[in-house]
Each structure stands twice: as C-alpha cells, then as structure tokens.
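Here's the letter readout for the chains.
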Amino acid sequence: MTRSSERRPWSPGSLLDRLPEAAREDLLRLGSPVTYPGRHVLVREGDPGHAVYLLLDALVKVTALSENGSRTLLSIRASGDVVGETAAFGDYARTATVTTCGRSLVRVVKGPVFTAHLARAPEVATALSRVAMDRLRFANRRRLDFAGYEADVRLARVLVDLAVRHGRPHREGVDVGVPVTQAELGELVGIRERTVQKAMHDLSARGLVLQRHRGVVVRDMEGLTAFADLSLRPSG
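What comes next concerns the included structure. If you're wondering where the values come from, they're calculated on a predicted model, not measured in any experiment. Along each chain, numbering runs from 1 in the same order as the chain's sequence is written. Since the coordinates come from a predicted model, pLDDT governs what is reported: local features require at least 70, and pairs of side-chain atoms require 80 or more to be given and counted, while whole-chain, interface and lining totals use all residues. Each side-chain value is derived from all of the structure's non-hydrogen atoms; neither hydrogens nor water enter the calculation.

1. Remarks on the pattern of salt bridges
Here is step 1 of the chain: What counts as a salt bridge is simple: a side-chain nitrogen of Lys or Arg found within 4 Å of a carboxyl oxygen of Asp or Glu. One pass over the full model with this rule turns up nine salt bridges.
Here is step 2 of the chain: In this structure, the salt-bridge partner of Glu85 is Arg135, at a minimum N-O distance of 2.9 Å. In this pair, Glu85 is assigned in the loop between β6 (82–83) and β7 (97–100) and Arg135 in helix α4 (residues 122–148), connecting sequence segments 50 residues apart.
Here is step 3 of the chain: A salt bridge links Asp134 to Arg137; the nearest nitrogen and oxygen atoms lie 2.1 Å apart. Within this pair, Asp134 and its partner Arg137 are both found in helix α4, separated by three residues, close to a single helical turn.
Here is step 4 of the chain: If you follow the salt bridges from partner to partner, you end up with Arg18, Asp134 and Arg137 in one network. Comment: elements are numbered from the N terminus, with helices defined as DSSP H or I runs of at least four residues and strands as E runs of at least two.

Set out below in structure tokens:
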C-alpha cells in the first residue's frame, strides 16, 4: 500500500496531481519511500543519473551553476512533482542540483524501472509530457517577463505563482509556503537583491505583501494578481 493518503495535497499541475487515482497508485508502488532531512542533496549537478524521485511530502529547490561560478535558483518543486527524470532516459549527467528545504518524504525509483513503467502506462507518459511542456512554457514566460515587465511586476508574478502553487493560510493573508530569501527571489526573476528589496518595499507600501524572514505573505491576492497582470491559476 502507498502512503498517498497520508501526504498533503499534490501541487497543482504536478505529475501526481494530473494522474487518475488508479494510475497514481500504480506509479507510487514503484521504488521505496525514503525520508530525508532538510538541506539534503537529492540530485547533484554533473553526477550520473541513476534514480528518479517522486515527491510525496516535500519541498525542494532546483539550482545550477552559472558561467561565473555562482549558484542560481531555477525553480521550486513540491509534493506531487517528479525530479531527476530527464537523466533516466539516457546516459546523461544531471543538469541541476536538487536540495530539500526541510524534512522530505520521497519515493526513490530506479531509472530503468521508471522508464519501463512509462512504456506500459501511457497515462503516466502523457502526464509527464504535459509536465515537461508546462515547464518549458514557464521558462519561456520568464524570458518574456524579463523583456516585457519592470522589476516590481516580475517579482509580483513570481509571488502569485508561488502562492497559488504552495501557499497556505496565514492570519495576514496567504503565506507563499516557500522558505525563499530575497536573493533567491531575485534569481528567479533575474534582478539583483537590492532591486528585490526596493520592489518588495513598493509592494508592501501598496498593502499587497508582508515581508517575513525567509518568506513572504500575500496580504491582497486579488490586488497582487491584478498588479502582476495575471489570472489566479498556476502558470507552469
């Protein structure tokens, strides 16, 4: 029996969220459940890929080294997501590092076992393809954001995405649910930490957000969404 009934709700748009119950249960019978502590490296950039990780109750950060040697936050994955799957399709090195943000329950599946399951489970293969397309659209939208919006709007767009995907109720509104620093927010939207500080101050002055240590609370989701020129749905 899987532990799917014990986890928190799957992240909207994630692989496990997209699957019918029967297909999800079959997938979750693969591999073994493992609990990792916070700041544990699941996947290290440059290493060979031998396993795929299904996030059952987890929040992880995906980072990569830039050309100047600094580490950049590329994305955040949460319960229901899959990481490490790309390297399972061939003899490829990992292209990014995946680190747990806190105590995390994941299901570790050997690469060949995962790919063999896709061959006999078309529903899973189709859902995984859609996840890949969503991630590509997300990356493309980020590039368009860099050219089409000022820093404060780009920051607002990321905060709305985080709140919709990972948010949890807070007495002041909606906590974005991710322990992210201002420097990491800057990495997500392509601006310097100093610019993030100014943009965050402006959003706070508008009554849209509340700054916290390693986190943000959205005080006015409707207002922030309008400011970000978005609709209230995950973007990829």
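2. Examining the environment of Gly167
Here is step 1 of the chain: Relative to the assigned elements, Gly167 resides in the loop between α5 (151–166) and β9 (168–170).
Here is step 2 of the chain: Throughout, exposure labels follow a simple rule: accessible area from a 1.4 Å probe, protein chains only, divided by the maximum for the residue type, with under 20% read as buried, over 50% as exposed, and the rest as partly exposed. What makes Gly167 partly exposed here is its relative accessible area of 32%.
Here is step 3 of the chain: Counting along the chain gives 10 residues from Gly167 to Arg157, while the straight-line C-alpha distance between them is 14 Å.
Here is step 4 of the chain: When sequence neighbours within four positions are dropped, the list of residues in contact with Gly167 reads Leu162, Val174, Asp175, Val176 and Gly177. Contacts are residue-level and defined by heavy atoms, with any inter-residue pair within 4.5 Å sufficient.

3. Brief notes about unusual backbone geometry
Here is step 1 of the chain: Of note in this structure, Arg39 is not a glycine but carries a positive phi near 65°.
Here is step 2 of the chain: Looking at the element boundaries, Arg39 is found in the loop between β1 (32–36) and β2 (41–43).
Here is step 3 of the chain: For Arg39, a relative accessible area of 75% translates into the label exposed.

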